[in-house]
Amino acid sequence: MTKPEFDKLIDIHSLRGAQVEACRLVLVKNKTAHQANIDTGVDKGQLSRALKKLQRPLCECCGQPVA
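Everything numeric here is computed off the predicted structure, so don't read it as measured data.

Caption draft 1: Up close: the nonpolar core. With 16 residues, the main nonpolar core has F6, L15, C23, L47 and L54 as its most contacted residues. Elements with a contribution of two residues or more to this core: α1 (3-13), α2 (18-27) and α4 (44-54). Looking at which element gives the most residues to this core, the answer is α2, with 6 residues. In this view, F6 contacts M1, V20, C23, R24, L27, V28 and L54; residues no more than four positions away in its chain are not counted.

The following block contains the structure:
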């Protein structure tokens, strides 16, 4: 995933805090979730939920996440 694509997803999903950097390490920098956890201190469960949230499909009409 490219940085602009990632930044767009972060805005759409309203993700904030250290989770953003941890997700960036996984999705943009291709690090493992374990390494991102060590580098940022984000809890493994929080990181897992944030990554799952970013992977939700977006509505084709409005671009918002589909529940």
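Caption draft 2: Examining the pattern of salt bridges more closely. Tallied over the entire structure, the rule returns 4 salt bridges. Salt-bridge contacts for D7 lead to R24; the nearest nitrogen and oxygen are separated by 3.2 Å. Taken together, the residues span a long stretch of sequence, with D7 in helix α1 and R24 in helix α2 at a distance of 17 residues. Between K31 and D39 there is a salt bridge, with its nearest N and O atoms 3.2 Å apart. Owing to a relative accessible area of 35%, K31 belongs among the partly exposed residues under this scheme. Salt bridges here are not isolated pairs; linked through shared partners, they connect K3, D7, E21 and R24.

Caption draft 3: Quick look at the environment of E60. As for its position among the elements, E60 is in the segment after α4. A residue is classified by how much of its surface remains accessible, and E60, at 82% relative accessible area, is exposed. Taking the C-alpha atoms as reference points, E60 and D11, separated by 49 residues in sequence, lie 17 Å from one another.

Caption draft 4: Spatial organisation of the packing of α1 against α2. Interhelical geometry of α1 versus α2 gives an angle of 145° and a closest axis separation of 11 Å. Here α1 and α2 pass one another in a crossing that is right-handed. Note on element contacts: α2 touches α1 through V20, C23, R24 and L27, opposite K3, F6, D7 and I10. Taken together, the residues of the contact of α1 with α2 sort by class into 5 nonpolar, no polar and 3 charged.

Each value, and the rule that gives it
Residues numbered from 1 in each chain as written. Predicted model: local features only at pLDDT ≥ 70, side-chain atom pairs only at ≥ 80, totals over all residues. Heavy atoms only, no water. Core = buried A, V, L, I, M, F, W, Y, C linked by side-chain atoms within 4.5 Å. Buried < 20%, exposed > 50% of the residue type's maximum accessible area, 1.4 Å probe, protein only. Helix = DSSP H or I, 4+ residues; strand = E, 2+ residues; numbered from the N terminus. Contact = heavy atoms within 4.5 Å. Salt bridge = Lys/Arg side-chain N within 4 Å of Asp/Glu carboxyl O. Axes fitted to C-alpha atoms, helices over the stretch in contact; angles between N-to-C directions. Left-handed = near helix turned anticlockwise from the far one by under 90°. Nonpolar A, V, L, I, M, F, W, Y, C, P; charged D, E, K, R; others polar.

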